[in-house]
Amino acid sequence: MNLIDNRTRTPRPRHTPAVDVAGRTTVEYGVAQAELGCVLIARSVGGVCAILIGANAEQLESDLADRFPGRALNRNEAGLRIELAKVLGFIDNPGEGLDLPLALRGTTLQRRVWQALRAIPAGTTITYAELAVRVGAPTSTRAVANACAANVIALAIPCHRVVRSNGTLAGYRWGIERKRVLIAKEAML
(Lines give C-alpha, C1' and ligand atoms only; values in the text may rest on other atoms or scores of the structure.)
Protein backbone atom coordinates (compact mmCIF):
# COMPACT_ATOMS: atom_id res chain seq x y z
CA MET A 1 0.00 0.00 0.00
CA ASN A 2 1.37 3.39 -0.98
CA LEU A 3 0.53 6.15 1.50
CA ILE A 4 0.76 9.79 0.40
CA ASP A 5 0.99 12.67 2.83
CA ASN A 6 -1.68 15.09 1.54
CA ARG A 7 0.02 18.02 3.24
CA THR A 8 2.98 17.87 0.87
CA ARG A 9 1.13 17.09 -2.34
CA THR A 10 1.30 19.81 -4.97
CA PRO A 11 -2.21 21.06 -5.63
CA ARG A 12 -3.52 20.45 -9.12
CA PRO A 13 -4.65 23.45 -11.12
CA ARG A 14 -8.40 23.54 -11.22
CA HIS A 15 -10.39 24.03 -14.37
CA THR A 16 -13.40 26.17 -13.58
CA PRO A 17 -16.29 27.14 -15.83
CA ALA A 18 -15.12 30.77 -15.52
CA VAL A 19 -12.02 30.11 -17.66
CA ASP A 20 -11.79 28.00 -20.80
CA VAL A 21 -8.78 25.86 -21.75
CA ALA A 22 -7.22 28.78 -23.65
CA GLY A 23 -7.35 30.89 -20.48
CA ARG A 24 -10.15 33.17 -21.71
CA THR A 25 -12.84 34.28 -19.30
CA THR A 26 -16.06 32.40 -20.02
CA VAL A 27 -19.47 34.00 -20.19
CA GLU A 28 -22.25 31.46 -19.77
CA TYR A 29 -25.63 32.36 -21.16
CA GLY A 30 -29.12 31.03 -21.54
CA VAL A 31 -31.99 32.03 -23.78
CA ALA A 32 -35.71 31.76 -23.14
CA GLN A 33 -38.92 32.98 -24.71
CA ALA A 34 -41.01 35.44 -22.68
CA GLU A 35 -43.97 37.73 -23.09
CA LEU A 36 -41.58 40.55 -24.03
CA GLY A 37 -39.81 38.47 -26.68
CA CYS A 38 -36.61 36.50 -26.53
CA VAL A 39 -34.56 37.02 -23.35
CA LEU A 40 -30.86 36.22 -22.99
CA ILE A 41 -29.22 36.08 -19.56
CA ALA A 42 -25.43 36.00 -19.31
CA ARG A 43 -23.29 35.30 -16.26
CA SER A 44 -19.58 35.79 -15.71
CA VAL A 45 -17.42 35.30 -12.65
CA GLY A 46 -18.97 38.19 -10.69
CA GLY A 47 -22.61 37.43 -11.45
CA VAL A 48 -25.16 38.33 -14.12
CA CYS A 49 -23.40 40.57 -16.63
CA ALA A 50 -26.18 40.96 -19.22
CA ILE A 51 -29.91 40.55 -19.64
CA LEU A 52 -30.78 41.30 -23.24
CA ILE A 53 -34.23 41.41 -24.80
CA GLY A 54 -34.91 41.10 -28.52
CA ALA A 55 -36.72 39.39 -31.33
CA ASN A 56 -34.69 36.18 -31.58
CA ALA A 57 -31.82 34.22 -30.06
CA GLU A 58 -29.45 34.78 -32.99
CA GLN A 59 -29.74 38.57 -32.67
CA LEU A 60 -29.14 38.42 -28.93
CA GLU A 61 -26.18 36.02 -29.25
CA SER A 62 -24.58 38.37 -31.77
CA ASP A 63 -25.19 41.33 -29.42
CA LEU A 64 -23.62 39.37 -26.54
CA ALA A 65 -20.55 38.53 -28.64
CA ASP A 66 -20.14 42.21 -29.55
CA ARG A 67 -20.39 43.25 -25.90
CA PHE A 68 -17.87 40.68 -24.64
CA PRO A 69 -15.19 40.40 -27.33
CA GLY A 70 -12.42 37.94 -26.58
CA ARG A 71 -14.56 36.02 -24.12
CA ALA A 72 -15.52 32.40 -24.58
CA LEU A 73 -19.33 32.23 -24.84
CA ASN A 74 -20.96 29.05 -23.57
CA ARG A 75 -24.69 28.49 -24.03
CA ASN A 76 -25.92 26.71 -20.91
CA GLU A 77 -29.64 26.99 -20.11
CA ALA A 78 -29.39 24.23 -17.50
CA GLY A 79 -26.65 26.07 -15.63
CA LEU A 80 -28.67 29.29 -15.67
CA ARG A 81 -32.08 27.77 -14.91
CA ILE A 82 -32.43 29.66 -11.61
CA GLU A 83 -31.58 33.03 -13.18
CA LEU A 84 -33.83 32.33 -16.18
CA ALA A 85 -36.72 31.38 -13.86
CA LYS A 86 -36.26 34.56 -11.81
CA VAL A 87 -36.25 36.80 -14.88
CA LEU A 88 -39.27 35.07 -16.45
CA GLY A 89 -41.05 35.26 -13.09
CA PHE A 90 -40.31 38.98 -12.87
CA ILE A 91 -41.71 39.59 -16.35
CA ASP A 92 -44.92 37.77 -15.40
CA ASN A 93 -45.14 39.28 -11.92
CA PRO A 94 -42.91 42.34 -11.38
CA GLY A 95 -44.11 42.61 -7.79
CA GLU A 96 -41.84 39.66 -6.92
CA GLY A 97 -38.77 41.79 -7.59
CA LEU A 98 -35.62 40.56 -9.24
CA ASP A 99 -32.76 39.82 -6.89
CA LEU A 100 -29.71 38.59 -8.78
CA PRO A 101 -25.99 38.99 -8.12
CA LEU A 102 -24.81 41.47 -10.76
CA ALA A 103 -21.42 41.99 -12.35
CA LEU A 104 -21.57 45.69 -13.19
CA ARG A 105 -19.12 47.05 -15.75
CA GLY A 106 -19.22 50.78 -16.25
CA THR A 107 -17.93 54.19 -15.29
CA THR A 108 -18.37 55.56 -11.78
CA LEU A 109 -21.35 57.65 -12.87
CA GLN A 110 -22.95 54.73 -14.71
CA ARG A 111 -22.61 52.52 -11.64
CA ARG A 112 -24.16 55.23 -9.41
CA VAL A 113 -27.06 55.60 -11.85
CA TRP A 114 -27.59 51.84 -12.04
CA GLN A 115 -27.56 51.52 -8.22
CA ALA A 116 -30.10 54.36 -7.97
CA LEU A 117 -32.30 52.65 -10.57
CA ARG A 118 -32.28 49.45 -8.52
CA ALA A 119 -33.68 51.43 -5.56
CA ILE A 120 -36.77 52.59 -7.50
CA PRO A 121 -39.71 50.42 -6.42
CA ALA A 122 -41.77 48.56 -9.01
CA GLY A 123 -44.81 50.59 -10.00
CA THR A 124 -42.91 53.87 -9.63
CA THR A 125 -41.38 56.03 -12.34
CA ILE A 126 -38.83 58.82 -12.08
CA THR A 127 -37.66 61.49 -14.51
CA TYR A 128 -34.13 61.74 -15.83
CA ALA A 129 -33.74 65.07 -13.99
CA GLU A 130 -34.90 63.52 -10.68
CA LEU A 131 -32.49 60.64 -11.22
CA ALA A 132 -29.64 63.09 -11.87
CA VAL A 133 -30.36 64.78 -8.53
CA ARG A 134 -30.46 61.40 -6.73
CA VAL A 135 -27.00 60.47 -7.99
CA GLY A 136 -25.53 63.84 -7.07
CA ALA A 137 -25.22 65.14 -10.63
CA PRO A 138 -28.13 67.61 -10.94
CA THR A 139 -26.68 69.37 -14.00
CA SER A 140 -25.85 66.12 -15.81
CA THR A 141 -29.26 64.95 -16.99
CA ARG A 142 -27.93 64.01 -20.41
CA ALA A 143 -25.06 61.97 -18.89
CA VAL A 144 -27.59 60.20 -16.64
CA ALA A 145 -29.76 59.41 -19.69
CA ASN A 146 -26.66 58.05 -21.44
CA ALA A 147 -25.92 55.87 -18.40
CA CYS A 148 -29.45 54.46 -18.67
CA ALA A 149 -28.87 53.78 -22.38
CA ALA A 150 -25.57 52.01 -21.59
CA ASN A 151 -27.31 49.54 -19.27
CA VAL A 152 -27.01 45.97 -20.59
CA ILE A 153 -28.70 44.32 -17.61
CA ALA A 154 -32.35 44.92 -18.52
CA LEU A 155 -35.01 44.42 -15.84
CA ALA A 156 -32.53 43.86 -12.98
CA ILE A 157 -31.37 47.44 -13.52
CA PRO A 158 -34.84 48.86 -14.25
CA CYS A 159 -34.08 51.73 -16.61
CA HIS A 160 -37.60 51.21 -17.94
CA ARG A 161 -38.80 53.16 -14.87
CA VAL A 162 -37.29 56.42 -16.14
CA VAL A 163 -39.51 58.81 -18.12
CA ARG A 164 -39.25 62.30 -19.58
CA SER A 165 -40.04 65.30 -17.37
CA ASN A 166 -43.50 65.57 -18.98
CA GLY A 167 -44.22 61.92 -18.08
CA THR A 168 -43.98 60.53 -21.61
CA LEU A 169 -41.87 57.55 -22.48
CA ALA A 170 -38.37 58.21 -23.73
CA GLY A 171 -36.09 55.86 -25.62
CA TYR A 172 -35.54 52.36 -24.33
CA ARG A 173 -32.75 50.13 -25.64
CA TRP A 174 -35.14 47.17 -25.77
CA GLY A 175 -37.97 49.08 -27.51
CA ILE A 176 -40.58 51.61 -26.41
CA GLU A 177 -43.40 49.05 -26.61
CA ARG A 178 -41.59 46.75 -24.17
CA LYS A 179 -41.09 49.73 -21.85
CA ARG A 180 -44.81 50.53 -22.08
CA VAL A 181 -45.73 46.92 -21.22
CA LEU A 182 -43.36 46.83 -18.24
CA ILE A 183 -44.59 50.13 -16.81
CA ALA A 184 -48.23 49.11 -17.30
CA LYS A 185 -47.68 45.76 -15.55
CA GLU A 186 -45.90 47.44 -12.65
CA ALA A 187 -48.62 50.09 -12.36
CA MET A 188 -51.13 47.31 -11.59
CA LEU A 189 -49.27 46.36 -8.38
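Just so it is clear, the structure is predicted and the values come from calculations on it, not from any experiment.

## Regarding the overall build of the chain
Thought 1: Of regular secondary structure, the chain possesses six helices and six strands.
Thought 2: Listing the helices and strands of the chain from first to last along the sequence gives β-β-β-α-β-α-α-β-α-α-β-α.
Thought 3: Scored against the burial criterion, the 189 residues of the chain give a buried share of 42%.
Thought 4: Contacts spanning at least 24 positions in sequence make up 55% of the contacts within the chain whose residues lie at least 6 apart.

## Topic: the packing of aromatic side chains
Thought 1: Within the structure shown, the criterion is met by zero aromatic pairs.
Thought 2: The cationic tip of Arg173 hangs over the ring face of Trp174; the distance from NZ or CZ to the ring centre is 5.6 Å.

## What to know about the sheet that holds strand S1 (residues 26-34)
Thought 1: Strand order in the open sheet formed by four strands is S3-S2-S1-S4, and the pairing between neighbours is mixed. Pairing within the sheet leaves two strands with one partner each, and these edge strands are strand S3 (47-54) and strand S4 (72-75). On average, each strand axis in the sheet is tilted by 25° relative to the strand beside it, whichever way the strands run.
Thought 2: As paired strands, S1 and S4 are joined by four bridges and run parallel to one another.

## Considerations on the confidence of the model for the chain
Thought 1: The predicted model of the chain has a mean per-residue pLDDT of 87, with 87% of residues at 70 or higher.
Thought 2: Throughout residues 1-17 the model reports pLDDT below 50, and contacts reaching past four residues in sequence, or to other chains, amount to five contacts.

## Points about the layout of surface pockets
Thought 1: Of the voids in this model, the largest pocket is the one considered here, and its volume is about 180 Å³.
Thought 2: Together, Cys49, Arg67, Phe68, Ala103, Leu104, Arg105, Trp114, Ala150, Asn151, Val152, Ile153 and Ile157 line the largest pocket.

## Considerations on the packing of helix H3 (residues 108-118) against helix H5 (residues 141-149)
Thought 1: Running from N to C, H3 and H5 point in directions that differ by 75°, and their axes come no closer than 9 Å. One way to sum up the angle between H3 and H5 is to call them roughly perpendicular. Of the residues in H5, those in contact with Leu109, Gln110, Val113, Trp114 and Leu117 of H3 are Ala143, Val144, Ala147 and Cys148.

## Observations regarding the side chain of Gln110
Thought 1: Among the structural elements, Gln110 can be located in helix H3.
Thought 2: Classification of Gln110 as buried rests on a relative accessible area of 18%.
Thought 3: A polar contact of 2.8 Å, which involves the side chain of Gln110, links it to the backbone nitrogen of Thr107.
Thought 4: Residue contacts for Gln110: discarding those within four places in its chain leaves Ala147 and Ala150.

## Describing unusual backbone geometry
Thought 1: Residue Leu155 is not a glycine yet carries a positive backbone phi of 70°.
Thought 2: You can see Leu155 is positioned in the loop between H5 and strand S6 (162-163).

## Considerations on H3
Thought 1: Regarding H3, the residues found buried are Gln110, Val113, Trp114, Ala116 and Leu117. Each buried residue of H3 lies within a common arc of 160° when the element is viewed along its axis, so the set occupies one face.

## Topic: the nonpolar core
Thought 1: Ile51, Val87, Val113, Leu117, Leu131, Ile153 and Leu155 are the most contacted members of the largest nonpolar core, which has 57 residues in total.
Thought 2: Those elements that provide at least two residues to this core are S1, strand S2 (37-44), S3, helix H1 (57-67), helix H2 (81-92), H3, helix H4 (128-134) and H5.
Thought 3: Counting residues per element, this core draws most heavily on S3, which supplies six residues.
Thought 4: Dropping the residues within four chain positions of it, Val87 is found in contact with Val39, Ile41, Ile51, Leu98, Leu100 and Leu155.

So, how was this worked out
Residues numbered from 1 in each chain as written. Predicted model: local features only at pLDDT ≥ 70, side-chain atom pairs only at ≥ 80, totals over all residues. Heavy atoms only, no water. Helix = DSSP H or I, 4+ residues; strand = E, 2+ residues; numbered from the N terminus. Buried < 20%, exposed > 50% of the residue type's maximum accessible area, 1.4 Å probe, protein only. Contact = heavy atoms within 4.5 Å. Phe/Tyr/Trp six-rings, centres within 6.5 Å; stacked < 30°, edge-to-face > 60°. Lys NZ or Arg CZ within 6 Å of the ring centre and 35° of its normal. Pairing = 2+ DSSP bridges. Axes fitted to C-alpha atoms, helices over the stretch in contact; angles between N-to-C directions. pLDDT = per-residue confidence, 0-100. 1 Å grid on protein atoms, 1.4 Å probe; cavity = no way out; pocket = protein on both sides within 12 Å on 5 of 7 lines; lining within 4 Å. Points joined across faces, edges and corners; volume = space filled by probe spheres on them. Parallel < 35°, antiparallel > 145°, perpendicular 65-115°, else oblique. Polar contact = N/O pair within 3.5 Å; in protein donor to acceptor, adjacent residues only side chain to side chain. Arc of directions from axis to C-beta. Core = buried A, V, L, I, M, F, W, Y, C linked by side-chain atoms within 4.5 Å.

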